[in-house]
Each structure stands twice: as structure tokens, then as C-alpha cells.
Amino acid sequence: MLTALDLDYQGQGVCRYQDKVVFVKGMLKGETGLVRILKDKKSYFIGELLNLKTRSNQRVDVSNPDDLHYAPLLHLSVPAQLEWQQKITEETFRKIAKMDVSIDPILYDKRDLGYRNKITLHVVKTDRLKIGVFAPQSHRLYPVKQMVLAKNVIQKTLDKLNEIFQIIALQDDTLKHITIRSHQQKVMIIFSTTQKTWIEKDTILAHLNLPFITSIYQNILETDFENMGKDSIRLYGEEAIDIHFGGLKFPVKPGAFFQVNTPVALKMYEKVKTLITGRSVIDAYAGMASIGQFISSAVDQVYAIESNHDAVESALISIENNQINNVEVIENDVALAIEQYLSKVDTIVFDPPRSGLDDTTKALLLEKPVSEIIYVSCDLKTLVRDINTLKTIYRVTSVTPVKMFFHTVETETIVRLEMNK
Ligand SMILES: C[S@@+](CC[C@H](N)C(=O)[O-])C[C@H]1O[C@@H](n2cnc3c(N)ncnc32)[C@H](O)[C@@H]1O
């Protein structure tokens, strides 16, 4: 019988047994339960909860335990999820960056379910086609019939796809992933396939007769590791799905990044806008230059750097449609393009993927410092790793956690750094 002393950054209960830590999925802080040791690693055990003896008052009942495969904190109450993120943000700064920074109150939206405007599911061919999510670090597919985090139109599309896949016999395993995006009552579906020739295409299309599907694409994968390749072929409907956001309009193409939870993203952008003190800004990892466009009315000039071609095309169209004339878009890798703009700006907004900032960019920020950096991060570990490198020249002036994805362990954080005088 073990007791969970804490909840770690992956949402696992942290127990102790024989002087080693035991990580137990599904166990909450303060709970006692019967645990079986599954793996004995060098410095820790991995355990499996067999039977819960005492239950935390932060635990909530999960009506469909399968939902925990993609929403691993569904069993933790919403207020406790906010507290947990606030606490691991503070701990990560203190333990890894050795910084005692005060953490601002977390930004969030009241809607904790039905908030995602985009989901990607994986496809596995067995006797019938199955759509679902993979278990972490594995290729075991958990079929998903219901996605409680997604918008209602996405759920309706998923119901239809599951229905179609019950009746279509599969010829091969060309189809690998399905991405569904939505805005209000419109839906775009993107089928990612390993090659252009895809036998089931016409049959699937013929069955997808829902009035709210406005656009269907086939995307061609280049490697086994990606969910979306560079090239997409339009099979049906409109070229993009128009997303209205913060008084602006963005035509979102299949491969372009766009914020998945727009009410929270809006709060995040507003925070970024209030933090910026400079007049000239680089929006690095810009996507559709959405941050750049959002802040454009408060600054003189924005240079938006983005490497994804779909995103750059959408950015250019939206800047024109939104009648913004002080945002320049640069289609390039941040590491290659940023140096040229450094001397022109006071502020850089970084919003990188999980991998964080690359070494070249960090070296440049140390060699040619800017007055201010606003770092929007979707991974606490790489954020703090980067701050550790930058802290010789920059000091952290504010840290704001953002609850972008309720019921998951993903953490979004906004940090403002200022060059030491
Ligand atoms: C987390 S998204 C942020 C997008 C945008 N700031 C927003 O709020 O919608 C990261 C973006 O960085 C882009 N990206 C990834 N690696 C890049 C690189 N090395 N250089 C430039 N852009 C990159 C991705 O295509 C994606 O659009």
C-alpha cells in the first residue's frame, strides 16, 4: 500500500518505496492505494494502481475511462488543475533555473470541455479501420469514439468517420492520420496519407456528406514521424477555413499552425501586448503572424519570421484583409533570419514549438542583446533550459502560466525577460 506525496509534471502520483520514488499513473496527491511495481529502473519504479483505498477530495468521477488516454487529468478537479500548473511552474523555475520568481495568477477560460478547434487522430488498419490516439511513446492505438475536449462539430465529424470506417473495407494502410479543424459551424478535414494514390479516397468522400464540412484535403506525408507533410491536395470545397479572432480574420490552410483554444489564446495575446514596451518588434515563430497582427496597433513595426509556407501564405492574405500595414512577413528559419533584424528592434516575441530556442539563436541573443524578450512557451522544461542560458545577460521580470488545455499535462507560459543594465 503506497501513498502519493505529490503529483508530478506528467500528472503522475509520486510515491516512495524502498528509498526510491514510484511514479503511479492515475493516482492523486494524498491518495493511498494498492500499487503493483511494473518496472524497476535505476533510480525509480513505475507502478500501476490496482486499487484505491483513500480518495482525494480533488478527485472527480470520469464517466468514460477511455477519455484518460488523451485527457490524463480528467480525474482531477478543474480548480486543482489550475493549482497544479501554478505549482509546477514555480517548482520548475526554482529547481532547474535556481530562480525564486513570483508566478502571476494563471490565465484560463471557464470552458474546460469542448474547447479544441483542432484534433489529430491516428489510423491503424486491423480488420476494420480504427481511429484513435497512441499511448505515450508507443504505437498502441486507443480507439477514440468521443473526444470530450473537442468542439461539438468536430465530435459530429468524428462520429461520421467512425460510422464510415465500420462499413468500408480497407485495401491497404496508406491513410495514417486524420486532422479535423473547425471554426463556428465549419469543418475542414485533412487526410494524411503515405502516398498520392489512395484507394479509399472516393468512397470516403462520397460518404462524408455532412453540410458543415466546407473543405477536405489529402496531405502527403514525407516521413513516418510527422502528422502533416508539406504538400496538400484540395479534394473538396474551400481553400481555407476562416477563423475570426480578436477582431482579425485568418484564412487557415491545412498545414498552418493556429491556436487551438481561441478564448484562452486571446487572453494570452492580450497579456503579451501589455508586456511589450518596445516600439519595434520581431514576432519569431510567427505562424500566421497572429501575435504580430494583434499587437500591431500598439507598436511601430513588426517583423514576423515563420518557416511554414502554408502559414506564410495565410499570414500575407490575412495582413492584407485586415488592412494592417506595419507587419512584414519573412519566410525563413528563425536561426537563419533573425540576426538581420536584431539591430532594428527593441523587443522579440518568441513562440517556438516544444523544442524551444536553438543554440544559434541563443548565442546571438547573448552576443547582441535586445532590450526585451517575451517568451511564449508550450514546454516548461525547454523554457527553463533556455532561460538558464539567457540569465547571464537577461533577468526575468514576469512569469504567467496559461491553462490552454484543461485535462492535459501540457503547459503554456509567458515570460518577460529584460536585458540587465
Ligand atoms: C507554437 S507555433 C506559434 C505560432 C504563432 N505565434 C501563434 O500564436 O499562432 C510555432 C510556429 O513556429 C513555426 N516554426 C517551427 N520551427 C521554426 C523555425 N525553425 N523557424 C521559423 N518558424 C518555425 C511553426 O511552423 C509554427 O507556426
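Conventions and cut-offs
Residues numbered from 1 in each chain as written. Predicted model: local features only at pLDDT ≥ 70, side-chain atom pairs only at ≥ 80, totals over all residues. Heavy atoms only, no water. Near = heavy atom within 4 Å. Polar contact = N/O pair within 3.5 Å; in protein donor to acceptor, adjacent residues only side chain to side chain. Areas by Shrake-Rupley, 256 points an atom, 1.4 Å probe, with all protein chains shown as cover. Nonpolar A, V, L, I, M, F, W, Y, C, P; charged D, E, K, R; others polar. Phe/Tyr/Trp six-rings, centres within 6.5 Å; stacked < 30°, edge-to-face > 60°. Helix = DSSP H or I, 4+ residues; strand = E, 2+ residues; numbered from the N terminus. Buried < 20%, exposed > 50% of the residue type's maximum accessible area, 1.4 Å probe, protein only. Lys NZ or Arg CZ within 6 Å of the ring centre and 35° of its normal. Core = buried A, V, L, I, M, F, W, Y, C linked by side-chain atoms within 4.5 Å. Domains from an automatic or database assignment. Contact = heavy atoms within 4.5 Å. Buried area = accessible area lost by both parts, 1.4 Å probe. Salt bridge = Lys/Arg side-chain N within 4 Å of Asp/Glu carboxyl O. Pairing = 2+ DSSP bridges. UniProt positions renumbered as here; feature names shortened; annotations may be inferred.

Chemist: When you look at the site of the ligand in this model, what are you seeing that I'm missing?
Modeler: Around the ligand, a shell composed of 17 residues is seen, among which Gln259, Tyr269, Glu306, Val334 and Asp351 lie nearest. Val334 places a polar main-chain atom, nitrogen or oxygen, 2.9 Å from a nitrogen atom of the ligand. Surface burial for the ligand is 86%, taken as the share of its 590 Å² of free accessible area covered by protein chains. Of the residues assigned to the shell around the ligand, the class counts are eight nonpolar, six polar and three charged.

Chemist: So what exactly am I meant to see when it comes to the packing of aromatic side chains here?
Modeler: To describe a pair of aromatic rings, you give the distance between the ring centres and the angle between the ring planes. Taken as a whole, this structure holds 13 aromatic pairs when the rule is applied. Judged by centre distance (6.4 Å) and plane angle (80°), the ring pair of Tyr108 and Phe406 falls under edge-to-face. With Tyr108 in the loop between helix H1 (78-96) and strand E7 (118-125) and Phe406 in the loop between strand E21 (394-402) and strand E22 (412-419), this residue pair connects regions lying 298 residues apart in the sequence. For Tyr108, a relative accessible area of 38% translates into the label partly exposed. A connected cluster of aromatic rings, assembled from ring pairs, spans Phe245, Phe250, Phe258, Tyr269 and Phe294. Geometry around Phe45 places Lys20 over its ring, the cationic atom sitting 4.5 Å from the centre. In this arrangement the basic side chain of Lys273 is found over the ring face of Phe294, its NZ or CZ atom lying 5.1 Å from the centre.

Chemist: Teacher, can you tell me more about the nonpolar core here?
Modeler: Soluble, globular proteins show a tendency: their nonpolar side chains are buried together. Core analysis: the biggest nonpolar cluster contains 81 residues, and Ile178, Phe191, Leu208 and Ile414 have the highest contact counts within it. When residues of this core are sorted by domain, at least three fall in each of domain 2 (82-110 + 246-419) and domain 3 (118-241). Ignoring sequence-local partners within four residues, the contact set of Ile414 consists of Leu107, Met268, Lys271, Val272, Leu275, Ile374, Tyr375, Val376, Ser398, Val399, Thr400 and Val402. Core analysis: the second largest hydrophobic core is formed by 42 residues, Leu357, Leu364, Val370 and Val384 among them.

Chemist: Please clarify how unusual backbone geometry should be interpreted in this entry.
Modeler: With the exception of glycine, most residues fall at negative phi, and the peptide bonds are largely trans. For Gln18, which is not glycine, the phi dihedral falls at a positive 50°. Residue position: Gln18 is located in the loop between strand E3 (12-17) and strand E4 (20-25). The exposure class of Gln18 is exposed, given its relative accessible area of 58%.

Chemist: Which parts of the structure should I look at to understand helix H9 (residues 380-390)?
Modeler: Residue pairs three or four apart in sequence face the same way in an α-helix, which turns once every 3.6 residues. Listed in full, the buried residues belonging to H9 are Leu380, Thr382, Leu383, Val384, Asp386, Ile387 and Leu390. Looking at the packing, one finds that the buried side of H9 touches H1, helix H8 (359-367), strand E20 (372-377), E21 and E22. Capping of H9 at its N-terminal end is provided by Asp379; its side-chain oxygen lies 2.9 Å from the backbone amide nitrogen of Lys381.

Chemist: Could you clarify how one ought to interpret the domain arrangement of the protein in this entry?
Modeler: By convention, interface size is frequently given as the accessible area that disappears when the constituent parts associate. Per the domain assignment, the segments making up the protein are domain 1 (2-59), domain 2 (82-110 + 246-419) and domain 3 (118-241). Of note, the centres of domain 2 and domain 3, computed from C-alpha atoms alone, are 30 Å apart. Of the residues lining the interface, 13 residues belong to domain 2; the matching set on domain 3 comes to eleven residues. For the pair domain 2 and domain 3, the summed buried area comes to about 900 Å², and 58% of that belongs to carbon and sulfur atoms. Where domain 2 meets domain 3, there are one salt bridge. We note a salt bridge from Lys253 to Glu239, for which the minimum N-O separation is 3.4 Å. At the boundary of domain 2 and domain 3, one finds five residue pairs in polar contact (both at pLDDT 80 or more). Partitioned by chemical class, the residues of the side of domain 2 that touches domain 3 number nine nonpolar, three polar and one charged.

Chemist: When you look at the pairing of strand E14 (residues 241-245) in this model, what are you seeing that I'm missing?
Modeler: Note on strand geometry: in a regular strand, side chains alternate between the two faces of the sheet. Residues of E14 alternate between two faces, with Ile241, Ile243 and Phe245 buried on one and Asp242 and His244 left unburied on the opposite face. Taking the residues between adjacent antiparallel strands as the criterion, E14 and strand E15 (residues 248-252) are bridged by two residues, where Gly246 takes a positive phi near 55°.

Chemist: Looking at this model, I keep getting lost on the sheet that holds strand E6 (residues 44-54). Mind explaining?
Modeler: Across a sheet, strands are paired by hydrogen bonds formed along the backbone, either parallel or antiparallel in direction. Read across the sheet, six strands follow the order E1-E5-E6-E4-E3-E2 without closing on themselves; strand pairing throughout is mixed. The sheet is open, and its two borders are formed by strand E1 (2-3) and strand E2 (6-7), each paired with just one other strand.

Chemist: What exactly am I supposed to notice about the UniProt feature "binding site: S-adenosyl-L-methionine" (unreviewed entry) in the protein here?
Modeler: Sites flagged by UniProt as "binding site: S-adenosyl-L-methionine" (unreviewed entry) map to Gln259, Tyr285, Glu306 and Asp351. Here Gln259 is to be found in the loop between E15 and helix H4 (262-275). With relative accessibility at 5%, the residue Gln259 sits in the buried group. When sequence neighbours within four positions are dropped, the list of residues in contact with Glu306 reads Tyr285, Ala286, Gly287, Ala311, Val312, Ile330, Glu331 and Asn332.

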